[in-house]
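# A structural walkthrough
Now for the letters of each chain:
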Amino acid sequence: MLIIQNKCLSMSKLTIMNIFSFTANFDSEESCRFHFKEERDKQVVVCHRCGHTEHYWIKSRWSYECKNCNSRTSLRSGTIMQSSKLSFLVWYKTMFLLSATKKGFSSKEIQRQLGLKRYEPVWAMVHKLRKAMGKREDRYTLEGMIEMDEGYFTIEASEHAHQTQKAGRGSKTKSNVMFMAESTILEDVETGIIERQSRYFKAKVLDDHKADGTDEMLQKSIDDEQTIVFTDKSTSYINIADYVELHITEKSNEQTTKETLKWVHIAISNAKRNFTGTYHKIKRKYLQLYLNEFVYKLNRRYFGNRIFDRLVIASITGL
Ligand SMILES: [Zn+2]
């Protein structure tokens, strides 16, 4: 829907072009609704009463009517917008803001940018979008060679916890997050230099039973037993060999950081920098939602403007 007019534009100009193309395409509530319907029609609209999938469209009510039982389904119903009172235009502007930058926006900033009076509906909308991003990501698995490592993320904690807990591992002001990165070894045929390249990532908050969390994440993230996993020698990874072809462990040192676990470490430090710069404080129970957004955008880093269209689709299917 959005068009990159000149691929050679610098990033700043590209962003400006995006804003122009966004406002050119979505200048009213109606234009957003038409686009949303167009995208929803490409998915299957299922009748909530009888499960039938053929419908009439009643323009005057912005609703589908089931051809079998005449039950009506509004344009929002069955999508992540269904219980929201915010307009389609507000949702669209928010999806645009979330997909326009790598860094993201806090709900507070979105509220300010859109000039909305109440914070809570904005907060709920943004978290629903982050949840939908996570659902979309859950559809995909990783393959080939995979780097795995834990990152310790600062989370909001009570003053008491700050004063009594030691920093780092096991601290109540930190949360453990497992990161996975596909890692393909490429050799330059002329120079013989070996490099690792990465396409897709995953990130999951772990609870106290870290080994269980690691096992569960592995089961959900790969569907090919030919996978090779690289980790350091942490005890959280003791069962990995049960799920994959080969589990290679290396002692954690500078060399490992630069080579064997290069991409997973880059992702962890980028996520930390991103969260510190954009959000004031993150509560443990919402950390996964922020990670969803980070990974969703990271995995679509070459999509350009198509991230916006994909996010609209995720909002339709992500309930
Ligand atoms: Zn029906």
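Structure: above.
None of these values were measured; they are calculated from a predicted model.

Calculation criteria
Residues numbered from 1 in each chain as written. Predicted model: local features only at pLDDT ≥ 70, side-chain atom pairs only at ≥ 80, totals over all residues. Heavy atoms only, no water. Pairing = 2+ DSSP bridges. Helix = DSSP H or I, 4+ residues; strand = E, 2+ residues; numbered from the N terminus. Axes fitted to C-alpha atoms, helices over the stretch in contact; angles between N-to-C directions. Contact = heavy atoms within 4.5 Å. Polar contact = N/O pair within 3.5 Å; in protein donor to acceptor, adjacent residues only side chain to side chain.

On to the sheet that holds strand 4 (residues 145–154). Strands in a sheet are paired, the pairing made by backbone hydrogen bonds, and the direction either parallel or antiparallel. One open sheet accounts for five strands, arranged 8-5-4-9-10; its pairing is mixed. Two strands bound the open sheet, and with one partner strand each, they are strand 8 (201–205) and strand 10 (246–249). Each neighbouring strand pair of the sheet contributes to a mean axis angle of 25 degrees, computed without reference to strand direction. Across the sheet, helix 9 (residues 262–278) touches strand 4, strand 5 (174–182) and strand 8, and the angle it forms with strand 4 is around 25 degrees.

It is worth spelling out the side chain of Asp149 at this point. With respect to the element layout, Asp149 can be found in strand 4. Side-chain polar atoms of Asp149 contact the side chain of Tyr237, separated by 3.2 Å. Those residues in contact with Asp149 that lie beyond four places of it in its chain are Val177, Met178, Phe179, Asp232, Tyr237, Leu261, Val264, His265 and Ile268.

By the bridge criterion, four bridges tie strand 6 (residues 184–187) to strand 7 (residues 194–197) in an arrangement that is antiparallel. Along strand 7, the bridge assignment pairs Glu187 with Ile194. Taking the residues that link successive antiparallel strands as the turn, the strand 6-strand 7 hairpin has six residues, and the phi of Gly192 there is positive, at about 75 degrees.

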